[in-house]
Each structure stands twice: as structure tokens, then as C-alpha cells.
Amino acid sequence: MLQFKLVLLGDSSVGKSSIVHRFVKDSFDEFRESTIGAAFLSQSIKLDEDDTVIKFEIWDTAGQERYKSLAPMYYRNANAALVVYDITASDSLSKAQSWVEELKNKVADDKLVICLVGNKLDLCQEDSGKRSVEISDAKQYADEQGLLFFEVSAKTGEKVNDVFKSIGESLYSYKKEELLSKSEQNGTNTHGQVDLQLQKPATSDPTSCCT
Amino acid sequence: MVTNGGDPLRFSTGDGIDILASKEKFINYRFKAVRSPSVPNFHEGNYKNLNSSEPILASPIAAQPNYESDRDTENLVLNSEHDGTNSLIDLYRDEIVHENKDSNDSEEGEIFTRKEEEIENSSEVEQAFSGSPSKLVSVMDNAEHFDRYGFRKQNNFITEGVYNKWWEGYSQYCIRRKHKWVMLLEKSGLSVDNDMPTRFPPRSEKLKRYVRKGIPAEWRGNAWWYFVRGQEKLNKNKDVYEKLLVKMGDLNDEQQRKKLIDLDVIERDLNRTFPDNIHFQKEQFQNKEPPMIQSLRRVLVAFSLYNPKIGYCQSMNFLAGLLLLFMDEERAFWMLVIITSRYLPGVHNVNLEGVNIDQGVLMLCIKEYLPEIWEYIYPKQKLENQHKHDSLNISTEVLKNEFLFKLPPLTLCTASWFMSCFIGIIPIETTLRIWDCLFYEESHFLFKASLAIFKLCEQDIIKDKPLHKTLGQYTLPNSNRTSRYSRLSQDDYDMEIFQIIQSFPKRIIDPNDIFEKIIFKKRIALNRLDQQEIDRCRKYVSNQRLKYKNYKDLIGDQESLKKTTNRMNNNINIINNNNITRESNNNNNSNNNNNNTSSAAESLMKEINMTNDLMNDTLSSEVYGFKKGLSSVHWNNSIKERVKQMRRKREKDYQT
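Parameters at a glance
Residues numbered from 1 in each chain as written. Chains lettered and ligands numbered in written order. Predicted model: local features only at pLDDT ≥ 70, side-chain atom pairs only at ≥ 80, totals over all residues. Heavy atoms only, no water. Helix = DSSP H or I, 4+ residues; strand = E, 2+ residues; numbered from the N terminus. Buried < 20%, exposed > 50% of the residue type's maximum accessible area, 1.4 Å probe, protein only. Contact = heavy atoms within 4.5 Å. Areas by Shrake-Rupley, 256 points an atom, 1.4 Å probe, with all protein chains shown as cover. Pairing = 2+ DSSP bridges. Axes fitted to C-alpha atoms, helices over the stretch in contact; angles between N-to-C directions. Domains from an automatic or database assignment. Buried area = accessible area lost by both parts, 1.4 Å probe. Salt bridge = Lys/Arg side-chain N within 4 Å of Asp/Glu carboxyl O. Polar contact = N/O pair within 3.5 Å; in protein donor to acceptor, adjacent residues only side chain to side chain. Nonpolar A, V, L, I, M, F, W, Y, C, P; charged D, E, K, R; others polar. pLDDT = per-residue confidence, 0-100. Parallel < 35°, antiparallel > 145°, perpendicular 65-115°, else oblique. Left-handed = near helix turned anticlockwise from the far one by under 90°. Phe/Tyr/Trp six-rings, centres within 6.5 Å; stacked < 30°, edge-to-face > 60°. Disulfide = S-S within 2.5 Å. Patch = residues over 30% accessible without salt bridge, like charges linked within 9 Å, V, L, I, M, F, W, Y side chains within 5 Å. Lys, Arg positive; Asp, Glu negative; His and termini not counted. Charge placed at Lys NZ, Arg CZ, Asp CG, Glu CD. Expected span 1.5 Å × (residues − 1).

## Description of the overall build of chain B
Link 1 in the chain: Counting its regular elements, chain B contains 34 helices and 0 strands.
Link 2 in the chain: Considering chain B as a whole, with its 656 residues, one finds that 54% of them fall into the buried category.
Link 3 in the chain: Considering only contacts in chain B between residues 6 or more positions apart, those separated by 24 or more positions represent 75%.
Link 4 in the chain: Accessible area for chain B stands at about 29700 Å²; split by element, carbon and sulfur atoms hold 49% of it.

## So, the overall build of chain A
Link 1 in the chain: Regarding its fold elements, chain A presents 8 helices and 6 strands.
Link 2 in the chain: Written out in order from the N terminus, the α and β elements of chain A read β-α-β-β-α-β-α-β-α-α-β-α-α-α.
Link 3 in the chain: The buried share of chain A, taken over its 211 residues, is 53%.
Link 4 in the chain: Looking at chain A alone, contacts between residues at least 24 apart form 72% of all its contacts between residues at least 6 apart.
Link 5 in the chain: Of the roughly 9400 Å² of accessible surface on chain A, 46% is carried by carbon and sulfur atoms.

## Structural notes on the sheet that holds strand β4 (residues 80–86) of chain A
Residue and element names in this part refer to chain A.
Link 1 in the chain: Strand order in the open sheet made by the 6 strands is β2-β3-β1-β4-β5-β6, with mixed pairing throughout. Here the strands that pair on one side only, and so sit at the sheet edges, are β2 (38–46) and β6 (148–151). Each strand axis lies, on average, 25° off the axis of its neighbour in the sheet, ignoring direction.
Link 2 in the chain: Here 9 bridges tie β2 to strand β3 (residues 53–61), and the two strands are oriented antiparallel to one another. In the sheet register, F40 faces β3, and the bridge partner there is W59.

## Overview of the side chain of S13(A)
Link 1 in the chain: Within the secondary structure, S13(A) is located in the loop between β1 (2–10) and α1 (16–25).
Link 2 in the chain: Discounting residues that sit within four places of it in the chain, S13(A) has contacts with D86(A), K120(A), R268(B) and R272(B).

## Regarding the domain arrangement of chain B
Residue and element names in this part refer to chain B.
Link 1 in the chain: For chain B, the domain assignment lists domain 1 (160–227), domain 2 (229–343) and domain 3 (349–385 + 399–465 + 488–574).
Link 2 in the chain: Counting residues at the interface gives 18 residues for domain 1, matched by 18 residues for domain 3.
Link 3 in the chain: Interface area for domain 1 against domain 3, summed over the two sides, is near 1800 Å², with a carbon-plus-sulfur share of 59%.
Link 4 in the chain: The largest share of the area that domain 1 buries against domain 3 comes from W166, R212 and W224, three residues that together contribute 41% of it.
Link 5 in the chain: Where domain 1 touches domain 3, the interface holds 2 salt bridges.
Link 6 in the chain: E441 serves as the salt-bridge partner of R212, at 2.7 Å between the closest nitrogen and oxygen.
Link 7 in the chain: At the boundary of domain 1 and domain 3, one finds 9 residue pairs in polar contact (both at pLDDT 80 or more).
Link 8 in the chain: Residues of the side of domain 1 that touches domain 3, tallied by class, amount to 10 nonpolar, 2 polar and 6 charged.

## Looking at the confidence of the model for chain A
Link 1 in the chain: For chain A, per-residue confidence averages 88 on the pLDDT scale, and residues scoring 70 or more make up 88% of the total.
Link 2 in the chain: Considering only residues more than four positions removed or in separate chains, one finds that residues 191–211 of chain A, a stretch of pLDDT under 50, has 41 contacts.

## Brief notes about the packing of helix α20 (residues 353–369) of chain B against helix α24 (residues 411–419) of chain B
All names here are of chain B.
Link 1 in the chain: It is the contact of α20 with α24, at a shortest axis distance of 10 Å, that shows an interaxial angle of 110°. Between α20 and α24, the angle falls in the class roughly perpendicular. The hand of the α20/α24 crossing is right-handed. From α20, V355, D358, Q359, L362 and M363 reach across to α24, where they touch T411, T414, A415, F418 and M419.
Link 2 in the chain: Split by residue class, the contact of α20 with α24 holds 6 nonpolar, 3 polar and 1 charged.

## Section: helix α11 (residues 205–212) of chain B
Residue and element names in this part refer to chain B.
Link 1 in the chain: Restricting attention to buried positions, one finds in α11 the residues L207, Y210, V211 and R212.
Link 2 in the chain: Looking at the buried side of α11, the elements it contacts are α10 (160–187), α12 (220–227), α25 (428–441), α26 (444–456) and α30 (511–519).
Link 3 in the chain: Phi turns positive one or two residues past the end of α11, at G214, with a value near 110°.

## Thoughts on unusual backbone geometry
Link 1 in the chain: Not every positive phi belongs to a glycine, and D26(A) is a case in point at roughly 50°.
Link 2 in the chain: By the element assignment, D26(A) lies in the loop between α1 and β2.

## Points about the packing of aromatic side chains
Residue and element names in this part refer to chain B.
Link 1 in the chain: Applying the stated criterion across every chain, the model contains 45 aromatic pairs over all chains.
Link 2 in the chain: Between Y306 and W334 the ring centres are 5.4 Å apart and the planes differ by 85°, which places this aromatic pair in the edge-to-face class. Taken together, the residues span a long stretch of sequence, with Y306 in helix α17 (residues 291–306) and W334 in helix α19 (residues 329–343) at a distance of 28 residues.
Link 3 in the chain: Overall, the relative accessible area of 30% leaves Y306 in the partly exposed class.
Link 4 in the chain: Every member of this aromatic cluster is reached through a ring pair, and the members are W181, F200, Y210, W219, Y226, F227 and Y440.

## Quick notes on the side chain of D436(B)
All names here are of chain B.
Link 1 in the chain: Within the secondary structure layout, D436 lies in helix α25.
Link 2 in the chain: Judged by relative accessible area, which is 0%, D436 ranks as buried.
Link 3 in the chain: A distance of 2.9 Å separates polar atoms of two side chains, one belonging to D436 and the other to R220.
Link 4 in the chain: Ignoring anything within four residues of it in the chain, the contact list for D436 reads V211, G214, I215, R220 and W224.

## Some thoughts on the state of the cysteines
Link 1 in the chain: Under the definition given, this model contains 0 disulfides over all chains.
Link 2 in the chain: Left unpaired, C437(B) is separated from the closest cysteine sulfur, that of C421(B), by 13 Å.

## Concerning a positive patch on the surface
All names here are of chain B.
Link 1 in the chain: Taken together, the side chains of K187, K206, R209 and K522 present a region of like positive charge at the surface.
Link 2 in the chain: When you line up the elements, R209 lands in helix α11.
Link 3 in the chain: With a relative accessible area of 40%, R209 lands in the partly exposed category.

## Concerning the environment of G189(B)
Link 1 in the chain: Locating G189(B) in the fold gives a position in the loop between α10 and α11.
Link 2 in the chain: When the C-alpha atoms of G189(B) and F200(B) are compared, they prove to be 9.7 Å apart, with 11 residues separating the residues in sequence.

## A look at α17(B)
Residue and element names in this part refer to chain B.
Link 1 in the chain: For α17, with 16 residues, the first-to-last C-alpha span of 22 Å sits near the 22 Å given by 1.5 Å per residue.
Link 2 in the chain: Counted residue by residue, α17 has 12 buried out of 16 residues, so it is predominantly covered.
Link 3 in the chain: Every buried residue of α17 is listed here: M292, I293, S295, L296, R297, V299, L300, V301, A302, F303, S304 and L305.

## Some thoughts on the pattern of salt bridges
Side-chain pairs of opposite charge can arise where the charged atoms are in close proximity.
Link 1 in the chain: This model, assessed by the stated rule, comprises 31 salt bridges over all chains.
Link 2 in the chain: Salt-bridge contacts for D11(A) lead to R268(B); the nearest nitrogen and oxygen are separated by 3.4 Å. With D11(A) in the loop between β1 and α1 and R268(B) in helix α16 (residues 261–270), this pair bridges two chains.
Link 3 in the chain: Taking the relative accessible area as the measure of exposure, R268(B) reaches 24% and is therefore partly exposed.
Link 4 in the chain: Connected through salt bridges with shared partners, the residues D11(A), K95(A), D264(B) and R268(B) form a single ionic network.

## Here's the deal with the environment of F403(B)
Residue and element names in this part refer to chain B.
Link 1 in the chain: On the secondary structure map, F403 appears in the loop between α23 (396–400) and α24.
Link 2 in the chain: For F403, a relative accessible area of 1% puts it in the buried group.
Link 3 in the chain: F403 sits 88 residues away from D491 along the chain, and the two C-alpha atoms are 15 Å apart.

Structural data, given as C-alpha cells:
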């Protein structure tokens, strides 16, 4: 099992918590209480490739501007970031873009996987007049910046799992690269598997620390 | 008269029923259904009764010492219908009074149908929800799923069954406490005033104890208002709220509104405030905006106009929302002003520095009062590992308190405890009990309650986590793998603790879990915490954070600082080695060059050391002072005690 830290960022009420709850609990509430501070959740998925299990440790954050000062605590050591905007609110995309910039400036890890996610797709499917961010614009921005990109609906669940799966795949391929280059350095190709095991959290492995 | 009825311990052992045996008629009247919840064909009525028999809501009855005659209670009930109150609990009470009258009058089997009739016919009940019959029915249909404040009983952590079972006992506790309060007020010569007392006895240990055991729910609005001296504030600011509302009305200009970012955020948060409370749900109001949401909007917008320094901060929606369940808009507004200035200074400010300061203070408190838990939150090894190789002992004084600046991840969770004063963190009855104490005892109670929660989940934090062993295993020096591992494992600890701290409080359904198990136990150290300590700590942490910030600005960030000093250190070592060789060789010829490099490096070193000394001096000269600045003495005592114990144990071992 590989374990990765993922942080959710984005303007208030774009649906960060709803996306997480859809992914973690497969549930949705029309009105969800505003997140104060942060919430921590985790969920595992299995990748098609090599049957690899990926565990996401997810930091869900408060969206209001002033909480931004706390953000470095969340994205410190993060492996992936989900930057969410609301496709029915164009302001929220510019907020998302400023998050992307901040991440690129402040996070040293160039392997950080950033995924741009437009939420509330269901609203636009009901009434296309509600859309205020064109998919092509967002996609173009994501391509320029080298981000993964999805439009999802936390309400219907559409594409939500795809987001995490695709992040998981990216993280996994980075990890494999890293391990390969390492084992080449060491001249041993067979130890990749062992090193993977090392990623296990020490505390959840009773044989490594609790006996 | 029962004298020990107020002893909650007796209550919790199930003695409550015995205690109240002399009032059996009264109990039957209110709790018949509760005591026999499994009777078939009575299910619906039971649960309705269980929900609505909240004794507090029909408080005039509980308040009356003479329970013997139904006539008396009837009269009181009638009185209470016209007491002209405006809080929602009282609206609720009216509804409940009807139901109770109903269940009292009718045969058990008839309750359900009669109740339905009543719903259709009673205009008063309709008024209680200020609207049409259809929405009323929808409320009544679900009534058993909601508590006395209108919150859904069930959530992710507590089932309705668990809630009902707990409430069965707790509601009796509430009756008894209410009774005690009535007697206290009467003894103090204060009027209970149609069950809406507006004045309370002078401050005393006894009153403090009463508050800690819970203010009767329908008195809370008035009691909080009284304890925070709200009227004083309001009298000094007559018409201010009204003027703010006028100003708010003038904000129609689209341009003008856009400038106020807060309005937008407020708007988005209105429907995200207590979505599980019927007073905030538009389904209960024919999908129109509930009056409660309208009030909430006015209070929050008025506040953001009144105090632009704070404006609107997410979490204030919960504070205002809860206040509105207990008092009218204007009072709720002023309470919000008082909470954000007096009890949580700076916490909601734009830069949130106040919340960071309070988190620093909380960490100091845990370090002081719960050292066993502190070991897990901030292992000593962490500090040692970080600076082990800084052989200059550089700025260890500064870094000793590093956790005040680089707050542990856990504080991302505990920050919300303070921002919303536990709303949404702990189940509602427990939250309200903490609010009672907050307004009577001031802000240190938030810290005390936080410590009590940590104390309650101490075992969860510590169990299965052999801290020393684990960390010892991973802190082998000079090994890349282990150092990576050590980092991982501390991260994992942080996450585990975070998860415990995040979910544990949500199960504290019974306020007495905190109060009886912790707060009332004098021997538990954290109960020594008082307001002065918190005031001093806040000042200390605030200064330390400021100085640290200046320090960082001065020196550059920590990383480059370390690099510089390490480099310097290496140079010095080389120089010293050279010096040693030189001295041993007694060779004076090559001295000059070495001396030159040496002196340059030394002067640089001196500079750095001077800055550090300066910082160490300033940072450590202040005493944050638990117990009037005797913190070190206090600590030494506890260490001394521990050493003594160890010695005694060792001596014993020797003897045997």
C-alpha cells in the first residue's frame, strides 16, 4: 500500500467537503455545514495497474480568504492538491488559479500532483445557462500549467472517483520512477517491492513498532 | 423536600427515579411514555412524548415545588402560554404544553389521533412556527427526530436510539437542576417571573457550581445576557443595531455590495448554518427563507458593518445562529460583539492571529497540565533531533518554544474549538453547558474544557503507541533511511492524534462526562487553571510570536540560519583543530594566516551569537507564568516528586 497526503483548496462553498464526502462516504447533503479550520479524512483506492492500493490522507480546509494564512500547514509535505472551483461562479476559478500559483511557489516538491476540479456539473446539466466557466477555458489553463483537470458533480457523484484515481495513477508513476532510478543506482532491481513496503505507515504496522 | 436531588452522581446511578418518587404523579405525567418505550401500539406517541416531554420546556411545572396536584400544573401551564417570551425554546414549550395536556387528558391509546386533531385545530401551535398548517405538519411529522432546540438527534456519531436513551435520564437531571435553580432564586429574593427570570444572584462559589451543573435551558438567553452584562453594553449603544440595519438596507447598490466581500461569504454561509436544525430549514417553511435565516443575515451583516476589523469570519455564523435560538436579534448581535471582543479577542480577525495565539496558549496549557499527552504531541526527541547537530547550542532557547510559532498540526483541529466555541464540535447539550460556564467564568473556561476533552481521550492518544520505543528505534543517527522513517512516524502520530481529537468530542453527548469526570474533580491538576493564567499566557504567546517573527526577519529563515551556523561551525572546528596541532607542535611560524581566518570566522560567529543571545534573552526573560510566574518551581516540584517516587520504588526493590 502506498500512502499519500492530499490537500483540498478552493474558494468557500465550491464544494470541497462535498467532494471529499462523496469520495470517502459516497454520500451527499444539499446543505453541508461550513468547514471551520480543517477536517482530516482518509480513503483507499485500488489502481488497475499492478493492483496497487493507494491510501489518501485528505486534508479538507476552510475556504474563506482569511483562512489562507493557515494553509501552509496543510500543504506542507503534501503529495497532491485538489484545487476546486465552482463552474457556476467565475470568481471561484480565479481563486483556484491563485491557489495553483501559491502551490507552485511555496511547495518545493516538483512532483506535487495538482488537479484542477470544476464542481457542480449537475447544475449545468439541469440548466446550461447556469454555467459561467467554460470547460475549454479551464482545460486550457490546466494544460498550460500542467495540471490534471476534471469537471465533476459531488451531488451525483459523476467523475469524483475518476479524480482520485487519476491522481493516484500519477503519484504511482512518480513513485515507480523514483524507485527505479534508485534501484538502478544501487544496482539492484529486485528491491523495488521491498522499498514499496517501506512506505507503509509505521504505526499501522503492528510488527514494526508495537511488539 | 428532597435535599440531595441535585447530586448528579446519584442521578447518574439511576437514583433519580427514587429521588423523585414522591412526585410520582408528576413523573408519570411527563415520563409515562419514556419509562415504557417498548409498549406496543404506543410507539409513535412514545417517541413524540420522549421528544416533547423535555421537562425544561414545560418548565413552570418543574419549577413549582408542589407537584401533587394536576390542577396546579394546569394553571401554571396556562400562565406560561401568555408569558410573552420570544425565544424559540419557549415557542417550543407552548407546543409541548399542548402535547402534554393532551397526553394527560387522554387515554394512552388515543394520544396519536388526538394529537393529529390538535394539530389541525390549534392555531396557537401554528403560531409557534409562525406559519401555515402545512409546514407545521411537516415539523410535527418529524418532531420525534429533533431535540428540544430543533437539532436532529441523530448524526454520524450518535444514533437516535442512543440519544433517546440518554435523554431519558438526562431530562430528569434537568428537572432537578431547574428545581434547585428556582429555589436558589427564591432564596435570593429574585423573581422567577413567569419562568423568565431576568436577574440572577450575585457571584458566588455556589452560583458557579449551579452554572457548571447547567442553567435551565429556557433561562439561558436571559442568564447569559445577565452574566456578560449585555444590558450595560446595549444601554451604552442604544439604537446602534437599528442604525446598522438601516445602513444595511442602503446597501442596495450592486457596486457597493460588491465591495463588501463579506456579504458574499455571509450569503453563502446562511444555508450552511445548522442545516440539521428545523428552524434553519426552508422545507419547514414552505421552501421560503426561514425567519431564522433572515435574522442570521441581519445579525452577521450588521456585525460586519459594525466591526470592519473582523468583518465576517466563517464560524461566526454558528455563534450567531446558536445565540438566535436563545434570544432576540439585537441581543444576539451584542452577544456576538461581546464574545468576539471579550472572550475571543482577535480570534476572528482577518489575519486570525488571535486564534494562533490561543492555540499557542492551549499548547502551553497541555504542556503544563497534561505532560503525558504533550509527550505525544510534541516529543522531546523531535526538538533534540532537530538541533542535535547544532553544536553551537544555537538559539535553543528560541527554539524551545518553537511550537508557539510553528504550531503542531493538531491545532488545525483545536482552532475550530475556539472559533465556534465548540458548536458543531461537541453535541449540543454539552456545548451549551460550556457556554454557561464561559459566560460566567470568562474565556479560561474554553481552555479548561479543551484540556478536559484531552484528558478524557488521554487513553486513546496514548494506548498502543509506545512512543519512546518507537521513536528510539527510528532515531538512529546518520542513517538516511531511519531519518526518513522518523519523519514519517511523527507525521503518522500527528495524524492519529488529529483523528482522535477530531472525532472523540462528537460522542460527548452527556455534559456530565466532562463535568463530573473532570471539571468537578479537584485533584485533577487542570482544574487549577484560572483566568489570570490565561491572560498572562495570551500576552506571553502574543509577544513571543511577534519576536519570533522579527527574529526570522532579522536572521532569515531557519534553514539558512542552520546552514550558516553549521558552515561556520565547521570552519571553527577546522581552525580549532589547526590551533591544537599548532600548539602541540609549538610552531609559531604559520600562525598568522590561521589567526586571520580564525578571527574573521570568530567575528562572524560573534555576530550571530550576539543576535542569538539577544533573542534568547528577550524571549526567555518573559515568564508566561502558570500560577503567578512560579511555573518552574511548579515543574521542579513535580519532577522532584517523581524522582522521590522512583527512589522510593528503587529502595523497595532493593529491600525485597
